[in-house]
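Structure at a glance
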Amino acid sequence: MSKLSLDRILQSQGFGTRKYCRALIEDGDVAIGGEIQDNYKATFETGDLVLTVFDEEWRYREHVYIALYKPANYECSRKPSHHPGVLTLLPEQFSWREVQPVGRLDHDTTGLLLMSDDGPFIHAQSSPKRHVPKVYQATTAEPVTDALVERLLAGVQLHDEPAPLRAVSCVKRGEHQLEIVLEQGKYHQVKRMLAAADNHCSALHRSQIGGLTLDALGIREGEWCFLEQAQLDLLVPAA
Ligand code: URA
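Anyway, here's the lowdown on the structure attached to this text. (Residues numbered from 1 in each chain as written. Predicted model: local features only at pLDDT ≥ 70, side-chain atom pairs only at ≥ 80, totals over all residues. Heavy atoms only, no water.)

1. What to know about the state of the cysteines
- One pass over the structure, following the stated rule, counts zero disulfides.
- For Cys-170, which is in no disulfide, the shortest distance to another cysteine sulfur is to Cys-201 and amounts to 12 Å. (Disulfide = S-S within 2.5 Å.)

Now the structure itself:
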């Protein structure tokens with residue numbers, strides 16, 4: 001636990017530049033425990049601190065871990081070019097905190113996207129060595145056949161990969177619906193695997209990462225929530 005001045009606390013939580021945070025405090029827009037705090041030099045223990053800024057409560061968080069239900073037509077890249085970036089779906093503080101996606105979903109893919117400002121966490125989660133299963137629902141242009149399922153389970157060769165990539169699990173869910181579980185996170189992996197198996201992915205949704213499901217989080221398309229430790233503990237590699 002550390003003790004910090006109020007202007008530093010606000011800045012660390014992404015409320016803006018130090019100058020702007022000082023102005024917020026001096027204008028009486030910041031309260032702690034129901035009391036307006038207008039001295040930016042006042043110091044507070046950050047451990048269990050809850051700030052009220054413009055009448056909205058924010059618990060102090062050294063880092064933020066976020067789950068977003070990504071809608072289609074949003075880009076995960078830092079400099080989006082054709083569609084708005086996923087950060088535009090989150091409060092502005094998170095841009096100031098340099099929150100970024102953990103891995104990527106294509107602009108037309110929907111579903112569970114993790115985001116954080118914790119560099120080592122992002123790095124560890126995105127590492128190719130970390131085999132956390134990710135569950136996708138793919139809609140296919142051609143019917144799902146037993147042969148397709150078998151090919152995806154056996155492994156398909158993508159032109160820039162040294163070895164065939166296989167699905168951990170692959171289940172037909174409908175005439176054009178496939179549930180596929182992957183442990184790697186290669187570029188356009190589901191779409192490229194389906195193309196390599198002579199089908200085409202016309203829509204893609206990610207419902208689960210490790211043991212963390214969108215259903216359990218209860219967020220709807222375009223919504224986000226903080227992830228607490230018990231939820232982060234579900235993001236473990238397969239045994
Ligand atoms: N595989 C893809 O092809 N696209 C995604 O967005 C995620 C996995």
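Back to the text.
2. Side note on the sheet that holds strand E2 (residues 30-32)
- Read across the sheet, four strands follow the order E3-E2-E5-E6 without closing on themselves; strand pairing throughout is antiparallel. Strand pairing shows two members of the sheet lacking a second neighbour, strand E3 (35-36) and strand E6 (56-59), which therefore form its edges.
- With four bridges connecting them, strand E5 (residues 50-53) and E6 associate as antiparallel partners. Bridge pairing in E6 places Val-53 opposite Glu-56. (Pairing = 2+ DSSP bridges. Helix = DSSP H or I, 4+ residues; strand = E, 2+ residues; numbered from the N terminus.)

3. Looking at helix H6 (residues 189-196)
- Residues of H6 that are buried: Gln-189, Val-190, Arg-192, Met-193 and Leu-194.
- Lining the buried residues of H6 we find strand E10 (134-140), helix H5 (146-154), strand E12 (177-182) and strand E13 (201-209).
- Of the residues one or two after H6, Asp-198 is the one with positive phi, at around 65 degrees. (Buried < 20%, exposed > 50% of the residue type's maximum accessible area, 1.4 Å probe, protein only. Contact = heavy atoms within 4.5 Å.)

4. Quick notes on the environment of Ala-23
- With respect to the secondary-structure elements, Ala-23 resides in helix H2 (residues 18-26).
- Between the alpha carbons of Ala-23 and Val-99 there is a distance of 24 Å; along the sequence they are 76 residues apart.

5. Details of the environment of Val-181
- Among the structural elements, Val-181 can be located in strand E12.
- Owing to a relative accessible area of 10%, Val-181 belongs among the buried residues under this scheme.
- Considering only alpha carbons, one finds Val-181 and Glu-98, 83 residues apart in sequence, at a separation of 30 Å.
- Excluding residues within four positions of it along the chain, Val-181 makes contact with Pro-133, Lys-134, Val-135, Ala-167, Val-168 and Ser-169.

Any link to function would need more than the numbers given here.
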